[in-house]
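Per-entry structural report
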Amino acid sequence: MAEMGLMEKIVSLAKRRGFVYPGSEIYGGLAGTYDYGPHGVALKNNIKNLWWKTFVEARDDMYGVDAAILMNPKVWEASGHVAGFSDPLVECSNCKSRFRADHLADPDTCPSCGKKGTLGEARQFNMMFKTHAGAAENESAAVYLRPETAGGIFVNFKNVVDSFHPKLPFGIAQIGKAFRNEIAPRDFIFRLRELEQMEVEYFVKPAEWEGAFEDWRGRMHAFAKDIGINSVHELEVGDGDRAHYSKRTIDFEFDYPFGRKELWGLAYRTDFDLSAHERASGASLQYLDEETKEKFTPHVIEPSLGVDRTLLAVLASAYAEDELGGESRAYLKLSPKIAPVKAMVSPLLKNKPELVEKARDVREELRKIHPAIAWDDNGNIGKRYRRQDEIGTPFCITIDFDTLGEHPELLGTVTLRHRDTGAQERLTVSEVRQKIEEAL
Ligand code: GAP
């Protein structure tokens, strides 16, 4: 499928079916930004909710926060981002195009105009978006849009400890937007300037970091499986390539249609952040072990997941084509847990009030399990199924004359059609309800 332009197919389906639109499209777009449409935001929320449920709500050792995007700039000085959150930038002296030096196929040739020897020396370009708080536009009013959600977690470490007195190990989690002035945003929602992250900072006793690292490693693989991401590969990041705060990093990579690239990261951030914020703020960020009365700075394991890259990997894993009933079709094999629409109910004919009324009753019954039960009575039944296939709806339910008792032995039964196989079965509404409930 890769040779047939899988990426183009995904981008086109995402636009056509209301998952992802280019940002500010009617004005020609804005590089590195995308907007999520109705099915996209549903899919994204389902992924985020599953993550939150799995890693926050279902655990006693996790605490959620939602910190401000704008933070005191001292946060980013202490964290090392003002000095070091940069990418190497080169500019072509001929066409003035700018590139990331470490992404060039040939460092001597400008990828835009093709001239040789025009790219010049690389300089470090800081990727944080800078703006001003309040009416003054001077340096003392400068603030940054956060480049990672982690900063909002570290500055709330003391607050969470003071409010909840958690025992180590424990974690603080956050989902939210982050901003990076990427030199070359690209590959749809893979490399964005406005992105979203799901991050955990998991605080441990210094001697226990390895066990926690292994534990999170396993949990990240399990989450990938849970949301239907196929074949995640690990890359042990070498000494020269890790972020400034990390002593060990594993990149979780995915085979995107444009190559194997980083999906998520798992890092051992040591006590780098808490110690740096303690020095810079003057607040004590040490932890007092009530049992041993020992005071120390906890170490940190950080599983960091980009929401947009996750959604793209989910789409790429789910996209499938086959032949059904002599016609080719494209469909999304989304896990029912995250599918934007869980089931579609439809009357066989929309001009038969008795079918419509029964179908509406069935829909209301199924909505007791989940609100995302769609209604479609447009066009023929085959077309309705295809539309749902394309957005990954796992089940379609059709109400026909047999439901109303045309063949008395079938009274009250409906057709349940399965997305992946197109197989249909005749079931009672309560059997359908049970099947959907089990799948969610
Ligand atoms: N707090 C650690 C941190 O931010 P990172 O490796 O720079 O580490 C974590 O980013 C994750 O955020 C990445 O693995 C990726 O999923 C996502 N991410 C990073 N930059 C991104 C970008 N420009 N566009 C979309 N997602 C991005």
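Everything here concerns the structure above.
The next thing to look at is the overall build of the protein chain. Broken down by element type, the protein chain carries 12 helices and 24 strands. Each principal axis of the C-alpha atoms in the protein chain carries an extent, and together these give about 80 × 65 × 45 Å. Looking at the 440 residues of the protein chain, the share that counts as buried comes to 51%. Considering only intrachain contacts with a sequence separation of at least 6, the fraction spanning at least 24 residues in the protein chain is 64%. Here the protein chain has roughly 20,700 Å² of accessible surface; of this, 49% comes from carbon and sulfur atoms. Charged side chains in the protein chain number 58 positive and 69 negative. The centres of these two groups are separated by 3 Å.

We now examine the environment of leucine 404. Counting through the fold element by element, leucine 404 comes out in the loop between β22 (395-399) and β23 (413-418). When the C-alpha atoms of leucine 404 and proline 107 are compared, they prove to be 71 Å apart, with 297 residues separating the residues in sequence. If we skip the residues at most four places from it in the chain, leucine 404 touches Glu354, Leu355, Lys358 and Leu411.

Turning our eyes to something else, we now look at the packing of aromatic side chains. Applying the stated criterion across every chain yields a total of 21 aromatic pairs. Ring centres of tryptophan 209 and tyrosine 268 lie 3.8 Å apart, and the angle between their planes is 0°; this geometry places the pair in the stacked category. On the criterion of sequence distance, the pair formed by tryptophan 209 in helix α7 (residues 209-226) and tyrosine 268 in strand β14 (residues 259-270) is long-range, its members being 59 residues apart. With a centroid separation of 4.9 Å and 80° between ring planes, the pair formed by phenylalanine 254 and tyrosine 256 is classed as edge-to-face.

It is worth spelling out helix α10 (residues 353-366) at this point. In this model, α10 (14 residues) spans 20 Å end to end at C-alpha, consistent with the 20 Å of a helix rising 1.5 Å per residue. Of all the positions in α10, only Leu355, Val356, Ala359, Val362, Arg363 and Leu366 are classed as buried. When α10 is viewed along its axis, its buried side chains cluster within an angular range of 125° and face the same direction. Exposed and facing more than 90 degrees away from the buried side of α10 are Pro353 and Glu357. The inward-facing, buried residues of α10 abut β20 (343-347), β21 (373-375), β22 and α12 (429-439).

Attention shifts here to the packing of α10 against α12. Running from N to C, α10 and α12 cross one another at 35°; their axes reach a closest spacing of 10 Å. Judged by the sense of rotation from one axis to the other, the crossing of α10 with α12 is right-handed. For the pair α10 and α12, the contacting residues are Val362, Glu365 and Leu366 in the first and Val429, Val432, Arg433 and Ile436 in the second. Partitioning the contact of α10 with α12 into residue classes produces 5 nonpolar, no polar and 2 charged.

Rules used throughout
Residues numbered from 1 in each chain as written. Predicted model: local features only at pLDDT ≥ 70, side-chain atom pairs only at ≥ 80, totals over all residues. Heavy atoms only, no water. Helix = DSSP H or I, 4+ residues; strand = E, 2+ residues; numbered from the N terminus. Buried < 20%, exposed > 50% of the residue type's maximum accessible area, 1.4 Å probe, protein only. Contact = heavy atoms within 4.5 Å. Areas by Shrake-Rupley, 256 points an atom, 1.4 Å probe, with all protein chains shown as cover. Lys, Arg positive; Asp, Glu negative; His and termini not counted. Charge placed at Lys NZ, Arg CZ, Asp CG, Glu CD. Phe/Tyr/Trp six-rings, centres within 6.5 Å; stacked < 30°, edge-to-face > 60°. Expected span 1.5 Å × (residues − 1). Arc of directions from axis to C-beta. Axes fitted to C-alpha atoms, helices over the stretch in contact; angles between N-to-C directions. Left-handed = near helix turned anticlockwise from the far one by under 90°. Nonpolar A, V, L, I, M, F, W, Y, C, P; charged D, E, K, R; others polar.

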